[in-house]
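Residue-level structural notes
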Amino acid sequence: MTTLPTAHSVRTTPEGFRWEPSERWVRGVKGEVTVVDSRHPVLVWEPGLPVPQYAFPRGEVRQDLLRPAAHPPTGAHAGSRVFYDLDVGGEPLRNAAWTYPGRELAGHIAFAWFQRSGPGLDHWYEEDEEIFVHPRDPHKRVDALPSSRHVVVEIDGTVAAQTRRPVLLFETGLPTRFYIPRDDVRLDLLEPTDHSSRCPYKGVAEYWSWRGDADVPGNIVWSYPDPLPAVAAVRGLLAFYDEAVDITVDGERRRRPVTLFTWALFDRPEVSRP
């Protein structure tokens, strides 16, 4: 196995990858088969991507389930050239795994994550907690703090929510989100939808759309009915995309932020993650 520096020391390869060892126990499962069982994973940030992926020592991967890719892609994963199909129970997943170019990450294999980078494994776990979408970034914080601020949410001039007991969620790189108790939200103005999303930091979200006649995007309200333990304070509370609504906090109207969700809300019918 390749000798790695101590955990939390970030390295950059000549090919432009940032990477660092992790001390988390990571497992990946396809059906009933554990494909990855690693106590020495490596977090890899590909050039141009804001979130990391895991790569694993070959000895901690079920290599007997991997086959050289029948149709490897070109230009994927910053120039990776070695891809594998994953064969579990006679159902091959094309290009489900790959190796990164260069010497520093030689001997490691990365895998596609379910519902993110193509067909991949069904479930991923850090220690005994399931995680979604992508690995958690150790350099990113998500804090959910109860507050007594006065928060008013308006949609097309109509007050949709008003509270003095919000939970403020601070997430690195994103606007502050204001989670509001259901009793303080005009639920009669909202329509539940069948849309859902997953977040590696918060869990699985459910959504609502605005019932009114205003030109408002769909799925602008979300809630985590069973959030991950780190943000348990937002359980069952509702949050609004302030990219699409007007939010006033302690009498001060907040400017609508421009984020990746601005494009998602106004140019696509569904959003990926709050």
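Residues numbered from 1 in each chain as written. Predicted model: local features only at pLDDT ≥ 70, side-chain atom pairs only at ≥ 80, totals over all residues. Heavy atoms only, no water.

Quick look at the nonpolar core now. Counting residues in hydrophobic clusters, the biggest one holds 40 residues, and the most contacted among them are Val153, Tyr179, Ile220, Trp222, Val234 and Phe240. No other element matches strand S19 (residues 203–210), which puts four residues into this core. Other than its neighbours up to four places away in sequence, valine 153 contacts Thr158, Val159, Ala160, Ala161, Ile180, Phe240, Val245, Asp246 and Ile247. Judged by nonpolar contacts, the second largest core, of 22 residues, contains Val61, Leu93, Ile109 and Ile131. (Core = buried A, V, L, I, M, F, W, Y, C linked by side-chain atoms within 4.5 Å. Buried < 20%, exposed > 50% of the residue type's maximum accessible area, 1.4 Å probe, protein only. Helix = DSSP H or I, 4+ residues; strand = E, 2+ residues; numbered from the N terminus. Contact = heavy atoms within 4.5 Å.)

Inspection of the secondary structure assignment puts glutamate 126 in strand S11 (residues 123–126). Among the polar contacts made by the side chain of glutamate 126, one reaches the side chain of arginine 136 at a distance of 3.4 Å. With residues near it in sequence (within four places) discarded, glutamate 126 still touches Arg24, Trp25, Val26, Tyr54, Ile131, Pro135 and Arg136. (Polar contact = N/O pair within 3.5 Å; in protein donor to acceptor, adjacent residues only side chain to side chain.)

What follows is about the pairing of strand S3 (residues 26–30). Along any regular strand, the residues point their side chains to alternate faces of the sheet. Burial runs high along S3: five of the five residues are buried. Because side chains alternate across S3, one face comprises the buried residues Val26, Gly28 and Lys30, and the other comprises Arg27 and Val29, equally buried. Bridging between S3 and S11 involves four bridges; their strand directions are antiparallel. Note on S11: the bridge partner recorded for valine 29 is histidine 123. (Pairing = 2+ DSSP bridges.)

The next point concerns the pairing of strand S16 (residues 167–171). Of all five residues in S16, four are buried; the element is thus mostly enclosed. Two elements, S16 and strand S17 (residues 177–179), share three bridges in a ladder whose sense is antiparallel. Looking at the pairing, valine 167 lines up with tyrosine 179 of S17. Here S16 hands over to S17 after five residues, with glycine 173 in that stretch at a positive phi of 85°.

Okay, unusual backbone geometry next. Despite not being glycine, glutamate 127 has its phi angle at roughly 55°, a positive value. Position of glutamate 127 among the secondary structure elements: in the loop between S11 and strand S12 (129–131). The class of glutamate 127 is partly exposed, set by a relative accessible area of 39%. Here the phi dihedral of asparagine 219 falls at roughly 55°; this positive angle occurs in a residue that is not glycine. Tracing the chain through its elements places asparagine 219 in the loop between S19 and strand S20 (221–223).

This part covers the packing of aromatic side chains. Counted under the stated rule, the structure contains 10 aromatic pairs. Relative to tryptophan 124, the ring of phenylalanine 56 lies with its centre 5.7 Å away and its plane at 10°, an arrangement referred to as stacked. You can see phenylalanine 56 sitting in strand S6 (residues 53–57) and its partner tryptophan 124 sitting in strand S11, a full 68 residues away along the chain. Owing to a relative accessible area of 0%, phenylalanine 56 belongs among the buried residues under this scheme. Arranged with centres 6.2 Å apart and planes meeting at 85°, the rings of tyrosine 179 and tryptophan 222 form a pair that is edge-to-face. Here tyrosine 179, found in strand S17, pairs with tryptophan 222, found in strand S20; they are 43 residues apart in sequence, far enough to count as distant. One aromatic cluster is present, built from ring pairs that chain together Phe17, Phe83, Trp98 and Tyr100. Just above the ring of tryptophan 45 sits the side chain of arginine 18; from NZ or CZ to the centre is 4.7 Å. Sitting above the plane of the tryptophan 25 ring, arginine 39 keeps its charged end 4.4 Å from the centroid. (Phe/Tyr/Trp six-rings, centres within 6.5 Å; stacked < 30°, edge-to-face > 60°. Lys NZ or Arg CZ within 6 Å of the ring centre and 35° of its normal.)

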